[in-house]
Every structure is written in C-alpha cells, then in structure tokens.
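Descriptive structure summary
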Amino acid sequence: MIKGVIFDLDDTLTIHEDLYNINYIKTICKFFPDLNIPRNEILQIIINNVDKIGTKKYFNNYYHNVKFGGRDLLWGDCGGYGNIPQYTKKIQSDLRYEIWNAIIENLGVKTDVKISKIISYYIEIMWTGIKVFDDVIETLNNLRHYKLAVLTNGMPIHQRRKITSSGIRNYFTGKNRSIITSAECGFGKPNSIPYEVTLQSLNLNTDEVIMVGDRPEGDILGANLLGIKTVYINRNSETIKDIAFKPDIEINSLNQLIKII
C-alpha cells in the first residue's frame, strides 16, 4: 500500500531548466545592450564557459557523486552541512568571478562594468523567477493525506529557497513531510543513499512510496535499483532508450498521479 510520495524538484515541480537560459540572456542585455551577437550564440558561449570552468574544473571531484554544475553556484547560496557545502563555500566567490570574466572575454566585450555588479544582478533576478508548473498545486492538495517529500540534487539553502520562492514550502514541512538534498547526504541521485535517507525521514519502506521525477537517468534509475515504484513525468514526450531507466508508470501531467496511486 502506497503511503508516501517522493518528488524530484527541478523540472518536476518547479520550472527550472528554462530559467537559467532566460536569465543568462537578461543579464547580458542589462549590462551590454549594444552587443551585436545573436542571442543563441551568446547563450552557447555562456553555457560553454559555465560547463568548462564551473562543472569540469571546480566540480570535477564531486560530479560523479553529486550532479553539480557551476551554474548552480552562480546564483545559489552555500549552506547546510556536509563536505560539499564546505567545499563550495571556499570556491564560490572565485568561481563566479572566473566564469563571468571568461564569458565577457569570449563575447569580445571591453567594459568597465564591475564583475561584482553582474554577479549581484544575476543572483537577484534568479530568485524572483522560480515558479511551479500549472498542475503542481492541485496535485499536492489532492495528496495532502499522504506523506510527502522532496528529494533533490543540490545545496540545502539553494534548494529550500527555490521551494519557498515557488510557493510550495508548506506542502513539505511539518509532520510526515521532508526535504532532502544531495549535499546533505554526500551523494546525489541515482546513488541509493539519498533515497534511503528520505525513506528514513518519512519512516516508510521501499514498497510504501512512489518516486516521481523527470530525469530517467537520475530519479527513475535510483529508485528502480532500490525497488521503489517509479513514475516518470514526461512533459515533453521524450523517448527512454535505456531499459534501466524505464519507469513503472509514465505520465505527462501530475494531475494523473492521484489516479494511479
């Protein structure tokens, strides 16, 4: 009997991926309005530098255990406990300056604008842009009698602020509610440890929960390996090719969830 539901956060409950691209461009347009480069090229330059410097350089030691990228530190706070928050706290300032300097250099921009102003502006607009999908609030209301948890790869303060800013914090705090981040566990999905920590926090067994997520290679695989029933929210009608990533159930809207528990 299903007694609890574990949700991924980014692009399952909150609209996440598009937010990065939108606010990258918004930041560049703010400080360099006369830049004569197509927006898709600007975006690719930004993404390349974030990946090269942030993910591959600074997060090389953690990338296989926790799916972190430099983009998270460009706007996310460091906080909580564990080896990853301690590590990111030490590099946060250097990483931000190095990435933005590289972006400006690769854009061919000569400017007197202080990098600190760009960093502050980007952080400010990112916090105001988080929102949930249209089907989330109704779904969470329908599931209020179940134990509910968010299991998300990311830093504690970073992810909790996204949950708060998007207006769903009250659904995951209090009795029979939980928010678990990979940084607190020391490992990220699909590693089994975050799932086990989440089950302990809800006081439930693997056969008493379902895992709902949008990432087959993370959310679904990790739960599959533990024998947790999996629900893949496939909003974009993508095809899963690897059998290890196959969910028990596939849906295209969270409104379908209450009918299948």
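Let me begin by describing the structure that accompanies this report. (Residues numbered from 1 in each chain as written. Predicted model: local features only at pLDDT ≥ 70, side-chain atom pairs only at ≥ 80, totals over all residues. Heavy atoms only, no water.)

1. As for the packing of aromatic side chains
Let me state the cut-off plainly: Pairing of aromatic side chains requires ring centres within 6.5 Å, counting the rings of Phe and Tyr and the six-membered ring of Trp. Pairs whose planes differ by under 30 degrees are stacked, by over 60 edge-to-face, and all others tilted. Put simply, DSSP H or I for four residues or longer makes a helix, DSSP E for two residues or longer makes a strand, and each gets a number counted from the N terminus. Using a 1.4 Å probe on the protein chains alone, a residue whose accessible area is under 20% of its type maximum counts as buried, one over 50% counts as exposed, and one in between counts as partly exposed.
Counted under the stated rule, the structure contains five aromatic pairs. Arranged with centres 6.4 Å apart and planes meeting at 40 degrees, the rings of Tyr20 and Tyr24 form a pair that is tilted. Placement of the pair is Tyr20 and Tyr24 together in helix α1 (residues 17-31), with a separation of four residues, close to one helical turn. With relative accessibility at 1%, the residue Tyr20 sits in the buried group. Among the residues examined, Tyr24 registers a relative accessible area of 2% and is labelled buried.

2. As for the side chain of Asp214
In plain terms, the rule: In the analysis that follows, any N or O atom pair within 3.5 Å is treated as a polar contact, provided that within protein one partner can donate a hydrogen and the other can accept it, and provided that, for residues neighboring in sequence, both atoms belong to side chains. Contacts between residues were defined by any pair of non-hydrogen atoms, one from each residue, lying within 4.5 Å.
With respect to the helices and strands, Asp214 occurs in the loop between β4 (209-213) and α10 (216-226). Within the local environment of Asp214, its side chain forms a polar contact with the side chain of Thr12, the two groups lying 3.1 Å apart. With residues near it in sequence (within four places) discarded, Asp214 still touches Asp8, Asp10, Asp11, Thr12, Asp219, Tyr232 and Ile233.

3. Quick word on α10
Within α10, burial applies to Pro216, Gly218, Asp219, Ile220, Leu221, Gly222 and Ala223. The secondary structure elements touched by the buried residues of α10 are α9 (192-202), β4 and β5 (229-233). Gly227 sits one or two positions beyond α10 and adopts a positive phi of about 80 degrees.

4. Overview of the pairing of strand β1 (residues 4-7)
Definition in use: Here, strands pair whenever DSSP counts at least two bridges between them.
The alternating pattern of β1 places Gly4 and Ile6 on one face and Val5 and Phe7 on the opposite face, and all of these are buried. Pairing geometry for β1 and strand β2 (residues 147-152), over four bridges, is parallel. When the bridges of β2 are listed, Gly4 appears paired with Lys147. Pairing of β1 with β4 involves four bridges; the strand directions are parallel. If you follow Ile6 over to β4, its bridge partner there is Met211.

5. With respect to the nonpolar core
For clarity, the threshold we go by: To define a nonpolar core, start from buried Ala, Val, Leu, Ile, Met, Phe, Trp, Tyr and Cys residues and group those joined through side-chain atoms within 4.5 Å.
One finds Tyr24, Ile28, Leu74, Trp75, Leu95, Trp100 and Tyr122 to be the most contacted residues of the largest nonpolar core, which totals 39 residues. Dropping the residues within four chain positions of it, Tyr24 is found in contact with Leu43, Ile46, Val50, Arg71, Leu74 and Tyr122. Of all hydrophobic cores here, the second largest spans 24 residues; its members include Leu9, Val132, Leu143 and Leu257.

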